[in-house]
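Chains, contacts and geometry: an overview
Listed below, chain by chain, are the residues.
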There are 6 protein chains.
Amino acid sequence: MRTDGRLFDQLREIKITPNVSEYAEGSCIVEFGRTRVLCTATYEPKAPQWLMGSGAGWVTAEYGMLPRSTHTRIKREKSMTGGRTQEISRLIGRSLRAAVNLKLLGERQIIVDCDVLNADGGTRTASVTGGYVALALACKKLLAVSEIKAMPLVNYVSAISVGLHNENILLDLNYEEDSAIGTDMNFVMTGSGQFVEVQGTAEHTPFSRQQLNAMMDVAEKGCKELFIHQAAVMGEIYRLAGK
Amino acid sequence: MRTDGRLFDQLREIKITPNVSEYAEGSCIVEFGRTRVLCTATYEPKAPQWLMGSGAGWVTAEYGMLPRSTHTRIKREKSMTGGRTQEISRLIGRSLRAAVNLKLLGERQIIVDCDVLNADGGTRTASVTGGYVALALACKKLLAVSEIKAMPLVNYVSAISVGLHNENILLDLNYEEDSAIGTDMNFVMTGSGQFVEVQGTAEHTPFSRQQLNAMMDVAEKGCKELFIHQAAVMGEIYRLAGK
Amino acid sequence: MRTDGRLFDQLREIKITPNVSEYAEGSCIVEFGRTRVLCTATYEPKAPQWLMGSGAGWVTAEYGMLPRSTHTRIKREKSMTGGRTQEISRLIGRSLRAAVNLKLLGERQIIVDCDVLNADGGTRTASVTGGYVALALACKKLLAVSEIKAMPLVNYVSAISVGLHNENILLDLNYEEDSAIGTDMNFVMTGSGQFVEVQGTAEHTPFSRQQLNAMMDVAEKGCKELFIHQAAVMGEIYRLAGK
Amino acid sequence: MRTDGRLFDQLREIKITPNVSEYAEGSCIVEFGRTRVLCTATYEPKAPQWLMGSGAGWVTAEYGMLPRSTHTRIKREKSMTGGRTQEISRLIGRSLRAAVNLKLLGERQIIVDCDVLNADGGTRTASVTGGYVALALACKKLLAVSEIKAMPLVNYVSAISVGLHNENILLDLNYEEDSAIGTDMNFVMTGSGQFVEVQGTAEHTPFSRQQLNAMMDVAEKGCKELFIHQAAVMGEIYRLAGK
Amino acid sequence: MRTDGRLFDQLREIKITPNVSEYAEGSCIVEFGRTRVLCTATYEPKAPQWLMGSGAGWVTAEYGMLPRSTHTRIKREKSMTGGRTQEISRLIGRSLRAAVNLKLLGERQIIVDCDVLNADGGTRTASVTGGYVALALACKKLLAVSEIKAMPLVNYVSAISVGLHNENILLDLNYEEDSAIGTDMNFVMTGSGQFVEVQGTAEHTPFSRQQLNAMMDVAEKGCKELFIHQAAVMGEIYRLAGK
Amino acid sequence: MRTDGRLFDQLREIKITPNVSEYAEGSCIVEFGRTRVLCTATYEPKAPQWLMGSGAGWVTAEYGMLPRSTHTRIKREKSMTGGRTQEISRLIGRSLRAAVNLKLLGERQIIVDCDVLNADGGTRTASVTGGYVALALACKKLLAVSEIKAMPLVNYVSAISVGLHNENILLDLNYEEDSAIGTDMNFVMTGSGQFVEVQGTAEHTPFSRQQLNAMMDVAEKGCKELFIHQAAVMGEIYRLAGK
């Protein structure tokens, strides 16, 4: 049993509250247990300069933590830049682009901001999962007002963490588990059951191929459940995405 | 009549939701209509270095805007530094210190973070008003666990904006009004009816002393109403503050 | 009596020396007692980009302190940026713009630099008062060489500080007084007797409305005397400004 | 066949030249084909402050690219900071720590600098592989002069990239292949055949679990060959590491 | 003849006004014609950390230009940092240290700030020459109040520029001459007729050894005249320096 | 005799290895004894913006030190910026421009990067000497592919250091000598025997004119030997340069 009473392969309580921002084209607050992230998608009618004339658009992401989203306060400078912050921002951006046909988007840009309100482990996986919803809601709205002509989303994307602790495989680590564990993996998957990102790090003890395979089994289970949560709040998107 | 149907001397709907953060010693979300600010108070058991040996503590504040808290997205760097941001941070800090007996606080520090989730005018006055509640809740908690021996708060503090538009005095400006108006004043007041800060700027047409007096009348009315909202969520604080 | 022998409502010795810079379009050194500020106005034939096509121009200001303008040396980085510096720069800019018809200026810009040579309290009020003179001298020169077609100045602007100390109202605080005093206000006024900026802060004890009114009385007296000093060095400007 | 004539599962020519620096405690130039990285290990007799009193030491890494190590010159600022640079620095550091018993190192620090002299794809895997050699040579030297009492290295570590292109699995991608390919994975492995890091990104087309498994087969083959290259230049280390 | 009517080997009008700052331990405004620099010397009772325990002190310098000290306004950031600014700061510091016995100064520091009020060529040579006077006045004062026990100055130091234009050797170049000239040299000399710094740059045409020798003749003449100007304002220092 | 056995006027072993970079238009590694610098020349088909329309091009240089190129590791930030780094970059740029007819180059730019692999004194003189070779090789290549129509190099340029130690004149100081010595001069000379830069600093004891002359004699000898080394690797350039 885990410290919060969950089964090894059980997600924390997932909650996605859509349309929480007055101004953003798409937005939600995503909760993985006590981890809460505000995701907003901002539409810009032109693509970054290096894409000019290519006919394709861009989706990018920025991640930040509010100063007191954690046990001890983070200094503002550190919460907004620094290696870890940029690494996560880049991961979210790549993950979301895997769900988008950038040619269908055309020479436009969507910026997804993921700001952590409360951090209890898994902020990057919650950000990908919620960021996708914000992005999808923005696409729906842009289509509704004919700002874009076709739905550029071509797939679902969600993300989850898996850990390895004394031969047990744990799904969706909270902060306490994450701190105690040797190997921590993050998986980003598509609705069609494939991988977009696989990131695993053995802080203390390296892991075997067998263990990696077992972790993938559990991750797949978790991502599938997340797709259902996403679909519940995005409504029409699913069908539009052509599945 | 105003564009949102309010009377000239009427506040927007005020809402203060306490204890919204898992980790902060005190916290609330304060809403002035569609303006929403997350306020958290962080306790540090030691004072800044320049106060060492003085027997006194410190209260400081930092203000920030989330990237998509406004109509058009603000770049992260700009939302966290820059002249305007620092100016507002300093104003909030000074205002909150006016409510505190720093000797009673002792060589400790409380940092109040005010992060704007949604901006529709009056973010600095909402930040002072909500920041005070976060500070008060933190003080209550520190007292309850005997981390401090006496309540360091000695007064209430709230803040409100007033504008001058075609000879009309408008209380609590929203963004639309703020943009259209020549003179914009911010008042920070104490529960005992005195001024902590008076800041007025005539962007286009200078104002007369008579007009300034009329604006103060309306500001007093607004701040008094805000004290009632603060008291409603802080409970025991009022009596402890001894006024 | 005050430590330097002045009456409560008496300004320090005011001295404005015009045309001190070889290159600036307008310049002066302004002295409020031992506070000395070098003010230069730089003309640029085009407006900032965000005003392009608007037909209007811009006036902005930058404030800085020389490293050894104070009792203990300030580090260069700190003397040129930082919250306080930017806040004062913004105040000077707003104050000077209140004296200018930006449409008459046309798509041009004037930058007023206020660099403190010696700081003994009141550097921001001296900067507004001297910055106005530098601006006026630049406008006169631009008009003389037909670079602009009409005098864009529409009013006088000066600024003064007032303090509240043991129920006494003190005009034009020096550094020693400023450090000892609870409430410190800065007023920016026009030649027509109206307010452009009112900024008051009670560091320790909040102040009442009565006290604020008494401070305004004294501030008006101070600003009126400053207009006479300004007029003495600017010559023809007064009449051109249409008063 | 590949553009440079290699078999799909063939490494580029690997060359490790040890002791290239006059001052560094350990150093080498590692070459994966035309990719060349200078790796230096710097010993510091004390650990970072946050480890004080823990009895444990630290190994960290910094990655940089020389301005003209690439086809088009990179600006110096960008070559030394920025998200990608920091992400790779963190990856190298984590990978090398997996080979070290930090308790055996004691309260000391080793900093491994990996500076890319020439970039033709795979700079991060070459950096891990060569950085390990520099680290090992430094440990050997510190042991020889009794600066440390026991060999802190407990395992080999090397890294290699694998790509997926039109159903083919390619080992050790060069720049041309890397640019053309959809899925790019980096594996960091230990001499005992386990994983330290698994990082895979599908830029365009997500990949299946079967494909991931096939990529792991090839990566294992590559890492094993790299261990032989490392052992050839490090001499005694292998036995000291206890295998 | 030169554009300003001077002979080839004639200095501009030199003027040194001592004690211009209220707070600095030593200060002057130095003028080389229309070039005007404010020099202040700040005393700090302890040496930089890297000298702790050495028994020796330090003299350092910082150079800056006020935004409108030049024909076209310099941005503040640029006027205070940047390669040229740092290069000149370092030159002034080295030059002044050549005049000081750092052991006699003891573990103390003197910081000389040279801020250009008006730039018409030769700001670095004026800064060295005036910076020396500020330093000397500070030393005299520290000696008078027994803060130091012995005069640490052991020599005079002054600096002058020399240029080469169409086979003519020009002493003390103004801005106009400096812009038109190919070779520009700066010499820093001691009162005993030796060189502390020799810096020559041929922007267009390299110069011969003969020409260099001719430039040195003229520089010596200039520096000797500057020592007389320095001695006139420093009074007692000369004798104490013992040369 | 010197610590490394050289005669007073003897260069260290000089070695220039051309064409060491895969991508740079011109490159070499230059060695002055144990000092090793990687020099690369990057061609850009357009000139900096401030030269647009002038018909002339630009040559600039950037200098950096790899973190462990020295006895104790330099922090990356410091190795790439800071006063000393910028000062040396500017010196290299000026020196190389003295060898180039910028009109013949046309509106193009060549950037020479000098990155120190190993520092044992004289990094700036090695950088000028090797940077010139990289520049020359780039010009040759651009001419060969008709990217430029005429050889823009009009002279040779090399640089060497000279020191003064107990009345002895030492050529080409290594780090140990440089640290022990009072006066350190750097000379940049042309193939026609003239000076481009003369930079001398007396850290402790000022030097006389006689001593300066003796140092020039030795410098000339050193530079002449360097021209022979440069010519040996540049081949055809010499004749093209017309001397």
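Numbering of residues starts from 1 in every chain and runs along the sequence as written. Following the order in which they are written, the chains are lettered starting with A and the ligands numbered starting with 1. Totals for whole chains, interfaces and linings use every residue, but because this is a predicted model, local features are given only for residues with pLDDT of at least 70 and side-chain atom pairs only at 80 or more, for both listing and counting. Hydrogen atoms and water are omitted, and side-chain values are computed over all heavy atoms in the structure.

1. Looking at the relation of the copies chain E and chain C
- What sets the superposition is a least-squares fit of C-alpha atoms, and only residues with pLDDT of at least 70 in both copies go into it. In screw terms, the move from chain E to chain C is a rotation of 180° and a rise of 0.0 Å along the axis, fitting with an RMSD of 0.0 Å. The superposition operator between the copies reduces to a two-fold rotation axis.
- Contact between two residues is taken to exist if any of their heavy atoms lie within 4.5 Å; hydrogens are not considered. Comparing contact sets, 100% of the residues at the interface of chain E also lie at the interface in chain C, consistent with an isologous, same-surface contact.

2. Considering the UniProt feature "domain: Exoribonuclease phosphorolytic" (unreviewed entry) in chain A
- UniProt positions are given in the numbering used here, feature names are shortened, and annotations may be inferred rather than shown by experiment. Within this structure's numbering, the places UniProt gives as "domain: Exoribonuclease phosphorolytic" (unreviewed entry) are residues 10-138 and 155-222 of chain A.
- Between the C-alpha atoms that bound residues 155-222 of chain A there is a distance of 17 Å. The span itself is 29% helix and 43% strand. By definition, any uninterrupted DSSP run of H or I lasting at least four residues is a helix, any uninterrupted run of E lasting at least two residues is a strand, and each is numbered from the N terminus.

3. Let's talk about the arrangement of the chains
- Nothing in chain A touches chain C, and the closest approach of their C-alpha atoms is 15 Å.
- Chain F makes no contact with chain B, the minimum C-alpha separation between the two being 21 Å.

4. Here's the deal with the pairing of strand E9 (residues 195-202) of chain B
- Exposed residues in this analysis have more than 50% of their type's maximum accessible area, buried residues have under 20%, and partly exposed residues fall in between, with area computed by a 1.4 Å probe over protein chains only. Summarising burial for E9(B): 8 of the 8 residues are buried, a large majority.
- Strand pairing is defined by DSSP finding a minimum of two bridges between the two strands. Relative to E9(B), strand E8 (residues 183-190) of chain B runs antiparallel, the two being bridged by 7 bridges. Across the sheet, residue B:Met185 finds its bridge partner in E9(B), namely B:Gly200.
- Where E8(B) hands over to E9(B), the hairpin turn is made up of 4 residues, of which B:Gly193 adopts a positive phi near 80°.
- By the bridge criterion, 5 bridges tie E9(B) to strand E9 (residues 195-202) of chain C in an arrangement that is antiparallel. Looking across to E9(C), one finds that B:Gly200 is bridged to C:Val198.

5. Digging into the nonpolar core
- Counting 143 residues, the largest nonpolar core has A:Ile110, A:Phe187, D:Ile110 and D:Phe187 as the members making the most contacts within it.
- Core analysis: the next-biggest nonpolar cluster, separate from the first, contains 138 residues, B:Val30, C:Val37, C:Leu142 and C:Phe207 among them. We call a set of buried residues a nonpolar core when its members are Ala, Val, Leu, Ile, Met, Phe, Trp, Tyr or Cys and they connect through side-chain atoms within 4.5 Å of each other.

6. Considering the relation of the copies chain A and chain D
- Take chain A, turn it by 180°, move it 0.0 Å along the axis, and it overlays chain D with an RMSD of 0.0 Å.
- The fraction of interface residues of chain A whose copies in chain D are also interface residues reaches 100%, indicating that both copies meet through the same surface.

7. As for empty space enclosed by the protein
- Cavities and pockets were defined on a 1 Å grid built from protein atoms only: a cavity is a group of points that admits a 1.4 Å probe but offers it no way out, a pocket is an open group of points flanked by protein on both sides within 12 Å along at least five of seven lines, and a lining residue is one with an atom within 4 Å of any such point. Grid points are joined across faces, edges and corners, and a volume is the space filled by probe spheres set on the points. Applying the stated criterion across every chain, the model contains 5 cavities of 30 Å³ or more.
- Along the walls of the largest cavity sit C:Leu66, C:Pro67, C:Arg68, C:Ser69, C:Leu117, E:Ser21, E:Leu38, E:Thr40, E:Asp113 and E:Asp115, which together make up its complete lining.
- Listing elements by their share of the lining of the largest cavity, those giving two or more residues are strand E3 (35-44) and strand E5 (109-118) of chain E.

8. Here's the deal with the interface of chain E and chain C
- Listed as interface residues are 33 residues of chain E and, on the opposing side, 33 residues of chain C.
- Of the roughly 2,600 Å² buried where chain E meets chain C, counting both sides, 47% is carbon and sulfur surface.
- When two parts are put together, the accessible area they lose, computed with a 1.4 Å probe and summed over both, is reported as buried area. Looking only at chain E, the three residues that lose the most surface to chain C are E:Tyr23, E:Arg68 and E:Arg76, adding up to 34% of its buried area.
- We define a salt bridge as a side-chain nitrogen of Lys or Arg found within 4 Å of a carboxyl oxygen belonging to Asp or Glu. For the pair chain E and chain C, the number of links is 16 salt bridges.
- Between C:Arg73 and E:Glu62 there is a salt bridge whose closest N-O contact spans 3.2 Å.
- Nitrogen and oxygen atoms within 3.5 Å of one another constitute a polar contact, given that in protein one can donate a hydrogen and the other can accept it, and given that sequence-neighbouring residues count only through two side-chain atoms. For the interface between chain E and chain C, the tally reads 24 residue pairs in polar contact (both at pLDDT 80 or more).

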